[in-house]
Amino acid sequence: MLELFENKTSAAFRVSLLLGAAVGGASSETLEILDGFSHFIGIAYQVKDDLADYHGDKGDIMLRKFSIILSLLAEKLSPEERQILLAAYESDNYQVISELIDLYDIQNVTKALLVKTIQEAKDSLDKLSNLGLKLALYEILGKIFKEYI
């Protein structure tokens, strides 16, 4: 899933940021920093989106959309449990999937991954020497991820 996020959302951030920075005459060092920032913000954005799909009193997950939550769950399961997950996924058996998510505390594992990735995005910005750009990108992080910062 992380590779998919990298090739999807991180790539979109990367094109936008690097194109604008290159046109603006950014140094190769700044471009390298923005490349790393794009990686982290793209992944964080998708993880946040997948967490938003899991909500409600008992939790609700879009069963036909494979997500980071299901990917992290699959990593924790034994081969036998993976077969149970796959059968539940194919039959839209939310009850079984929800029980496995709860058993392995996957919602909190996913939140921890999100917080770690946001922090990595922030850390990459610390290297920027352009104060205006740094503040603008910190503001974007704050607006997108305010409930996790």
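Higher on the page you've got the structure.
This section reports on the structure supplied with the text. What you are looking at is a predicted structure, and each value in this text was computed from that prediction instead of being measured.

**Describing the overall build of the protein chain**
In terms of regular secondary structure, the protein chain is built from seven helices and zero strands. The N-to-C order of helical and strand elements in the protein chain reads α-α-α-α-α-α-α. Principal-axis analysis of the C-alpha atoms places the extent of the protein chain at approximately 55 × 25 × 20 Å. Buried residues in the protein chain amount to 37% of all 149 residues. Of all intrachain contacts in the protein chain linking residues separated by at least 6 positions in sequence, the fraction that spans at least 24 positions is 67%. Counting 15 positive and 23 negative side-chain charges, the protein chain places the centres of these two groups 5 Å from one another.

**Brief notes about helix α1 (residues 2-23)**
Taking 1.5 Å of rise per residue, 22 residues should cover 32 Å, and α1 covers 29 Å from first to last C-alpha, within 8% of that figure. Approximately 40 degrees is the largest bend angle found in α1, and it occurs at Ser10. Buried residues in α1 make contact with α2 (28-52), α3 (68-76) and α7 (131-144). Gly25 lies just past α1 and shows a positive phi near 80 degrees.

**A few points about the pattern of salt bridges**
In this structure the tally under the stated criterion is five salt bridges. What emerges from the salt-bridge pattern is a single network uniting Glu6, Arg14 and Asp35.

**Some remarks on the side chain of Ser124**
Relative to the elements of secondary structure, Ser124 occurs in helix α6 (residues 106-125). Those residues in contact with Ser124, other than ones at most four positions away along the chain, are Ile33, Gly36 and Phe37.

**A look at unusual backbone geometry**
The backbone phi angle of Asp92 is positive, close to 55 degrees, even though this residue is not glycine. Along the polypeptide, Asp92 turns up in the loop between α4 (79-90) and α5 (94-103). Residue Asp92 is classed as partly exposed on the basis of its relative accessible area of 41%. For Asp105, which is not glycine, the phi torsion reads 50 degrees and is therefore positive.

**Structural notes on the packing of aromatic side chains**
In this structure the tally under the stated criterion is one aromatic pair. Taken together, a centroid distance of 6.3 Å and an interplanar angle of 65 degrees make the contact between Phe13 and Tyr45 edge-to-face. With Phe13 in helix α1 and Tyr45 in helix α2, this pair connects stretches of sequence that are 32 residues apart. For Phe13, a relative accessible area of 21% corresponds to the partly exposed category.

**Considering α4**
A rise of 1.5 Å per residue sets the reference length of α4, with its 12 residues, at 16 Å; its end C-alpha atoms lie 17 Å apart and thus fit the reference within 8%. Among all positions of α4, only Glu81, Leu85, Ala88 and Tyr89 are buried. Mapping the buried residues of α4 onto a view down its axis gives an arc of 100 degrees, with all of them on the same face. What points out from α4, more than 90 degrees from its buried face, is the exposed set Pro79, Glu80, Gln83 and Glu90. Structurally, α4 contributes buried residues whose contacts are with α3 and α5.

Rules used in this analysis
- Residues numbered from 1 in each chain as written.
- Predicted model: local features only at pLDDT ≥ 70, side-chain atom pairs only at ≥ 80, totals over all residues.
- Heavy atoms only, no water.
- Helix = DSSP H or I, 4+ residues; strand = E, 2+ residues; numbered from the N terminus.
- Buried < 20%, exposed > 50% of the residue type's maximum accessible area, 1.4 Å probe, protein only.
- Contact = heavy atoms within 4.5 Å.
- Lys, Arg positive; Asp, Glu negative; His and termini not counted.
- Charge placed at Lys NZ, Arg CZ, Asp CG, Glu CD.
- Expected span 1.5 Å × (residues − 1).
- Bend = angle between axes of the 7 residues up to and from the residue.
- Salt bridge = Lys/Arg side-chain N within 4 Å of Asp/Glu carboxyl O.
- Phe/Tyr/Trp six-rings, centres within 6.5 Å; stacked < 30°, edge-to-face > 60°.
- Arc of directions from axis to C-beta.

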